[in-house]
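# Descriptive analysis of the structure
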Amino acid sequence: MRILAISDTHGIIETACDVINSHKDVDVIVHLGDHQRDAAYITDITGREIISVAGNCDGAYGSDEYRILETEIGDIYLTHGHMEQVKGGLLQLSYKVMEKGCVAAIYGHTHIPCFIKEDVYYINPGSMGKPIGKRKPSYAMIEVGEFGIECEIVFCDVKSQKKDAKNPEGAISKYLNFSDRF
């Protein structure tokens, strides 16, 4: 199974649409929040179905703000990550993954891409809309098979990204996204 994972588009969907249109060979596309409504816009533009979860900028503050993706090697926990406080480390996320009996977690929120292989796999595709520091927008290409999980973090070459006029982000949203509280 091939999974394309994106996160933290924050209303800037042009690059995400280009990436999704260039990867016709994926089986599943996931959007890990901030902003979840971007997944609907991207679906309208690309015609591709997207599994999405809500993030902190979407007003998601419940313990049920996750999805489970079934794969041939076991379930994958999909979350934005703010409720698992991933900005402070992966301990709470690892508890959730174990509680749900999953083999991996794909999450966002930190805007920092990573792929960690431990007892379970942890994957963060980074941010498509607002990468931190001098990073370029990024996404994850994930291959799931009898060998386990392999992941490539892909950085996009973009000259500029425009904010989607239908999907503005205000000061409160910026505060919530960069708050240490979540």
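One can find the structure itself at the top, above this paragraph.
This section reports on the structure supplied with the text. Here the residue numbering is sequential within each chain, running from 1 through the sequence in written order. Per-residue local features of the predicted model are confined to residues with pLDDT of at least 70, and side-chain atom pairs are confined, for both listing and counting, to 80 or more; whole-chain, interface and lining totals are unaffected and use all residues. Hydrogens are left out, water is left out, and the side-chain values use all remaining heavy atoms of the structure.

### Here we look at the overall build of the chain
To qualify as a helix, a DSSP run of H or I must reach at least 4 residues; to qualify as a strand, a run of E must reach at least 2; elements of each kind are numbered from the N terminus. Across its full length, the chain carries 4 helices and 10 strands. Along its sequence from the N terminus, the chain presents helices and strands in the succession β-α-β-α-β-β-β-α-β-β-β-β-β-α. Note on exposure labels: buried denotes an accessible area under 20% of the residue type's maximum, exposed denotes more than 50%, and partly exposed covers the range between, all computed with a 1.4 Å probe on protein chains only. Residues counted as buried form 54% of the 182 residues belonging to the chain. It only takes one pair of heavy atoms within 4.5 Å for two residues to be counted as in contact. Long-range contacts, defined as pairs at least 24 residues apart, comprise 58% of the intrachain contacts of the chain with a sequence gap of at least 6. Of the accessible surface of the chain, which amounts to about 8600 Å², a share of 50% is contributed by carbon and sulfur atoms. Surface accessibility follows the Shrake-Rupley procedure with a 1.4 Å probe radius. Residue values consider only the protein chains on display as shielding.

### A word on the side chain of glutamate 84
With respect to the secondary-structure elements, glutamate 84 resides in the loop between strand E5 (74–79) and helix H3 (91–100). His is not counted here, nor are the chain ends, while Lys and Arg score as positive and Asp and Glu score as negative. Take a side-chain nitrogen of Lys or Arg and a carboxyl oxygen of Asp or Glu: if they are within 4 Å of each other, that pair is a salt bridge. Of the buried charged residues, glutamate 84 lacks a salt bridge, with lysine 96 as the closest side chain of opposite charge at 5.8 Å. A polar atom in the side chain of glutamate 84 sits 2.6 Å from the side chain of tyrosine 77. A polar contact of 3.1 Å, which involves the side chain of glutamate 84, links it to the side chain of threonine 79. Once residues lying within four places of it in the same chain are set aside, the contact partners of glutamate 84 are Tyr77, Thr79, Gly89, Gln92, Leu93 and Lys96. Residues adjacent in sequence count toward polar contacts only when both atoms are side-chain atoms; beyond that, a polar contact is any pair of N or O atoms within 3.5 Å, and within protein one must be able to donate a hydrogen and the other to accept it.

### Some remarks on helix H1 (residues 14–22)
Residues of H1 that are buried: Thr15, Ala16, Cys17, Val19 and Ile20. Here the buried face of H1 lies against strand E1 (2–6), strand E2 (28–31), helix H2 (36–46) and strand E9 (138–145).

### Structural notes on the packing of H1 against H2
Interaxial angle, 0 to 180 degrees, is taken between N-to-C directions of lines fitted to C-alpha atoms, where a helix line uses only the stretch in contact. The interhelical angle for the contact between H1 and H2, taken along N-to-C directions, is 50°, at an axis separation of 10 Å. Looking at the two axes, H1 sits oblique to H2. The hand of the H1/H2 crossing is right-handed. Across the interface between the two elements, Ala16, Cys17, Ile20 and Asn21 from H1 touch Ile42, Ile45 and Thr46 from H2. In this count, Pro and Cys sit with the nonpolar residues alongside Ala, Val, Leu, Ile, Met, Phe, Trp and Tyr, while Asp, Glu, Lys and Arg are called charged and the others, Gly among them, polar. Within the contact of H1 with H2, the residues separate by chemical class into 5 nonpolar, 2 polar and no charged. Comment on the angle field: the value is read as roughly parallel under 35 degrees, roughly antiparallel over 145, roughly perpendicular from 65 to 115, and oblique elsewhere. The hand of a helix crossing depends on one turn: near helix anticlockwise from the far one by less than a right angle means left-handed, and clockwise means right-handed.

### A few points about the environment of glycine 81
Examined against the element boundaries, glycine 81 turns out to sit in the loop between E5 and H3. When its relative accessible area of 0% is taken as the criterion, glycine 81 is described as buried. When sequence neighbours within four positions are dropped, the list of residues in contact with glycine 81 reads Val86 and His109.

### Considering the sheet that holds strand E8 (residues 121–124)
Across a sheet, paired strands are connected by hydrogen bonds in the backbone, their directions being either parallel or antiparallel. Overall, mixed pairing links the 5 strands, which are arranged E4-E5-E6-E8-E7 in an open sheet. Sheet topology places strand E4 (66–71) and strand E7 (114–117) at the edges, where each strand pairs with a single neighbour. Taken over all neighbouring pairs, the strand axes of this sheet differ in orientation by 15° on average, direction set aside. Each pair of strands is called paired provided DSSP finds at least two bridges between the two strands. Sheet topology places E4 next to E5; 6 bridges connect them, and they run antiparallel. Looking at E5, one finds that tyrosine 66 is bridged to threonine 79.

### Concerning the side chain of serine 52
Along the chain, the position of serine 52 falls in strand E3 (residues 51–52). Reaching out from serine 52, the side chain makes a polar contact with the side chain of glutamine 36 at a distance of 3.2 Å.

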